[in-house]
Amino acid sequence: MRGDDTDAIDTRLGARLAELRTEHGYSLGELADRSGVSRSTLSRAERAEISPTASLLNRLCAVYGRTMSQLLSEVEAEPAPVLRADGQPVWQDQASGFVRRSVSPPHPALRGELVEARLAPGADIAYDRPPVTGLEQHIWVLEGILDVTVQETEHHLGTGDCLRMRVWGPTRFRCAAPEGVRYLLAVVRP
């Protein structure tokens, strides 16, 4: 599903990742040490030779103190107060079966955002740390079943269930249901 739009986003995302590394004064080696991502993978992501995975972006967001939505909004055009459905940016991690639609109009001065997420059947995404420590998240399952592990506590969520959490450590999202899962994620930066 890599078309011109995906290639353009990956190119802008790669350029932004390179800018952030430069702004923080990190060499590729220093960023690799801080993020736990290999130098070669970081270099390939910055040059848009690969489409970064959700896990890779999460690790970089943790280093840079940003949410994934903040990072992705930085590669989009100037924010507007209304974001029409056909203009909402969609990002896909093909390796994990994770599709993410940024529903809220991006705005750097606001702390809350809405994200529609989909996980394919069998998808299993583990984050070793939050992108921003203490991040507040509300997960409302719209269709399907989602298993969420927050640190060591497991939550089995069905259609209509909502989990509110503060993210201080590792999290894991799993879709064991054969039909996949669609959920709304409300994110509030501390």
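Sequence order sets the numbering: in each chain, residues are counted from 1 along the sequence as written. Restriction of local features to residues with pLDDT of at least 70 applies here, the model being predicted, together with a cutoff of 80 or more for giving and counting side-chain atom pairs; totals for whole chains, interfaces and linings are based on all residues. Calculation of side-chain values draws on the structure's entire complement of heavy atoms; hydrogens and water are dropped beforehand.

Because an α-helix packs 3.6 residues into every turn, residues spaced three or four apart end up facing the same way. Within helix α2 (residues 28–35), burial applies to Leu28, Leu31, Ala32 and Ser35. Axial view of α2: buried residues confined to an arc of 105°, hence all on one face. Helix and strand assignments follow DSSP, with helices taken as H or I runs no shorter than four residues and strands as E runs no shorter than two, numbered in order from the N terminus. Phi turns positive one or two residues past the end of α2, at Gly36, with a value near 80°. Partly exposed describes any residue whose relative accessible area lies between the buried limit of under 20% and the exposed limit of over 50%, with all areas from a 1.4 Å probe on protein chains only and scaled to the type maximum. Note that the arc is defined by the directions from the helix axis to the C-beta atoms.

Glancing now at the sheet that holds strand β8 (residues 162–167). Paired strands, as defined in this entry, are two strands with at least two bridges between them according to DSSP. If you trace the 6 strands from one edge of the open sheet to the other, you get β1-β2-β3-β10-β5-β8, paired in antiparallel fashion. Edge strands, defined here as strands with exactly one partner in the open sheet, are β1 (90–93) and β8. Neighbour-to-neighbour, the strand axes of the sheet open up by a mean angle of 25°, direction not taken into account. Where strand β5 (residues 135–143) meets β8, 6 bridges bridge the pair, whose relative direction is antiparallel. Counterpart to Trp140 in the pairing with β8 is Cys162. Convention adopted: a line fitted to C-alpha atoms gives each axis, helices being fitted over their contacting stretch, and angles between N-to-C directions are expressed from 0 to 180 degrees.

Once that is clear, we can look at helix α4 (residues 54–64). Extensive coverage of α4 is indicated by the burial of 8 of its 11 residues. Taken together, the buried positions of α4 are occupied by Ala54, Leu56, Leu57, Asn58, Leu60, Cys61, Val63 and Tyr64. Phi turns positive one or two residues past the end of α4, at Gly65, with a value near 70°.

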